[in-house]
Amino acid sequence: MTESMYLCAGSLCCTLVVCSLVRIIAPAGNTTKIMSLVISIFSLCCLFSSFISFSDNLKFIEADISQAEISDDVFSDLCDDKVLSTTGDYINSYTKNLLIQSDINPQQIITVMGVDKNRGIYIREMNIFINEKYHSKTDEVKETVSSILGIEPTITEI
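The model shown is predicted, which means the values in this text are computed figures rather than measured ones. (Residues numbered from 1 in each chain as written. Predicted model: local features only at pLDDT ≥ 70, side-chain atom pairs only at ≥ 80, totals over all residues. Heavy atoms only, no water.)

**A word on helix α4 (residues 138-149)**
Turning to step 1, where the next piece is worked out: Helix length check: α4 (12 residues) gives 16 Å between terminal C-alpha atoms against 16 Å at 1.5 Å per residue, within 8%.
Turning to step 2, where the next piece is worked out: Considered for burial, the residues of α4 that qualify are Thr138, Val141, Thr144 and Val145. With its buried residues spanning 135° around the axis, α4 presents them on a single face. Exposed side of α4, more than 90 degrees from the buried face: Asp139, Glu143 and Ser147 are the residues found there.
Turning to step 3, where the next piece is worked out: Taken from the residues just after α4, Gly150 is the one with a positive phi, measuring 80°. (Helix = DSSP H or I, 4+ residues; strand = E, 2+ residues; numbered from the N terminus. Expected span 1.5 Å × (residues − 1). Buried < 20%, exposed > 50% of the residue type's maximum accessible area, 1.4 Å probe, protein only. Arc of directions from axis to C-beta.)

**Points about the sheet that holds strand β3 (residues 154-157)**
Turning to step 1, where the next piece is worked out: Across the sheet, which stays open at both edges, the three strands sit in the order β1-β2-β3 with mixed pairing between neighbours. Lying at the two open borders of the sheet, with one neighbouring strand each, are β1 (108-115) and β3. Adjacent strand axes in the sheet meet at a mean angle of 15° when their direction is disregarded.
Turning to step 2, where the next piece is worked out: Taken together, the four bridges between strand β2 (residues 121-130) and β3 define a ladder with parallel strand orientation. What sits directly across from Phe129, in β3, is Thr156. (Pairing = 2+ DSSP bridges. Axes fitted to C-alpha atoms, helices over the stretch in contact; angles between N-to-C directions.)

**Focus on the pairing of β1**
Turning to step 1, where the next piece is worked out: As defined by bridge partners, β1 adjoins β2 across eight bridges and the pair is classed as antiparallel. In the sheet register, Met113 faces β2, and the bridge partner there is Ile123.
Turning to step 2, where the next piece is worked out: In this antiparallel pair of consecutive strands, β1 and β2, the connection spans five residues, and Arg119 shows a positive phi of 65°.

**Overview of the pattern of salt bridges**
Turning to step 1, where the next piece is worked out: Inspection of the entire model under this criterion finds one salt bridge.
Turning to step 2, where the next piece is worked out: A salt bridge links Lys142 to Glu152, with the shortest nitrogen-to-oxygen separation between them at 3.9 Å. Of this pair, Lys142 sits in helix α4 while Glu152 sits in the loop between α4 and β3; the two residues are 10 residues apart in sequence, bridging distant segments of the chain.
Turning to step 3, where the next piece is worked out: Accessibility expressed as a relative area gives 56% for Glu152, which makes it exposed. (Salt bridge = Lys/Arg side-chain N within 4 Å of Asp/Glu carboxyl O.)

Listed below in C-alpha cells is the structure:
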C-alpha cells in the first residue's frame, strides 16, 4: 500500500515538473493560453490516473486482508498480552521509584495484571521482595503501595 502511495506521489511530482518546464519553454503570445489549457488537462489526467491505479491496488489489499487466517480473538489476545506486559513493567518501575523515595530499595517487584470483562486493566496481585534490613519498614511499604495503587502487596523478605 505504501509503495502505491509513493508511486502516486512520484508520478504527480514528475508531472508537475514536466508541466513547469513546458510553461517555461512555451513561447509568449497566443500559444500561452492554449499551452496552459493543455498543461492543466494533462496535469488533471495524470492526477486522476494515479488515484485510479491507487484505488485498484487498494482493492487487492482489501482482498488479501479478508483472506487472512488470523482471527480477531487471536489478534486481540496478542495485543492484550503485550499491553498487560507493558503496563506491568510500568507499574513495577513506578512502585520501585516510589519506594526508593521512601529510602527502601526493593530487590524485585512482580506485578500480575488482569483484564476485566469490559477490557479494563487492573492489578491482580503484587509481590515485593525486599532485603531483611528493611524488615522494620514492611508496614510502611504496604501502606505506601496500597495508598497509591489501591492494592495491598505481598511483602517477602530475602
